[in-house]
Amino acid sequence: MTFKVTGDERGEWAVLGVSGELDLMTSPVLRQRVHDAVAEGHHSLVLDLSDVFFCDSSGVGVLIASRRLFRSCQGRLRLILPAQGAVDGSHVNRVLGALGVRRLFDVYPDIAAAVDDEPLSA
């Protein structure tokens, strides 16, 4: 399977759909797409990782760096990590849990839940 990042918008949320292997070779692509989203003025981003079937430490590093980036600009980052999948749920979900960093992220089961949000107060 080829690594791919697709972009979409849902209201005020930018959505990046990621599929394939998130590893040393592909993680720079995701890092760049996240930085591009911020440069385009998006401060609310959903990363749909439900089609990522492998994630190594460089992929986790990109997720943590993305979290740091959004926190620095008072933005919001949400991850789609389905609890159920081919085998015991999302691979990324298991990796983040095993490393003890899953709690750092706002995790949702699907895009609809992630973008369903109260309006921002002025």
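Residues numbered from 1 in each chain as written. Predicted model: local features only at pLDDT ≥ 70, side-chain atom pairs only at ≥ 80, totals over all residues. Heavy atoms only, no water.

Here we take up the nonpolar core. In this structure, L30, L45, L47, L49, L63, L79 and L96 are the most contacted members of the largest nonpolar core, which totals 27 residues. Leave out the neighbours within four places in its chain, and L30 touches F3, V5, V18, L22, L47, V62 and L63. (Core = buried A, V, L, I, M, F, W, Y, C linked by side-chain atoms within 4.5 Å. Buried < 20%, exposed > 50% of the residue type's maximum accessible area, 1.4 Å probe, protein only. Contact = heavy atoms within 4.5 Å.)

Think of a sheet as strands paired side by side through backbone hydrogen bonds, with each pair either parallel or antiparallel. If you trace the 5 strands from one edge of the open sheet to the other, you get β1-β2-β3-β4-β5, paired in mixed fashion. A single partner strand is all that each edge strand has here, and the edge strands are β1 (4-10) and β5 (106-108). Taking the axes of each pair of neighbouring strands and ignoring which way they run, one obtains an average angle of 25° across the sheet. (Pairing = 2+ DSSP bridges. Helix = DSSP H or I, 4+ residues; strand = E, 2+ residues; numbered from the N terminus. Axes fitted to C-alpha atoms, helices over the stretch in contact; angles between N-to-C directions.)

With 9 of 10 residues buried, strand β2 (residues 13-22) is to be regarded as a mostly interior element. The pairing of β1 with β2 spans 7 bridges and is classified as antiparallel. Of the residues in β2, the one forming a bridge with V5 is V18. With 8 bridges joining them, β2 and strand β3 (residues 44-55) adopt parallel strand pairing. Within the sheet, the bridge partner assigned to V15 lies in β3 and is V46. For the segment spanning β2, helix α1 (residues 27-39) and β3, crossover handedness is right-handed. (Right-handed = clockwise from strand over helix to strand, strands pointing away.)

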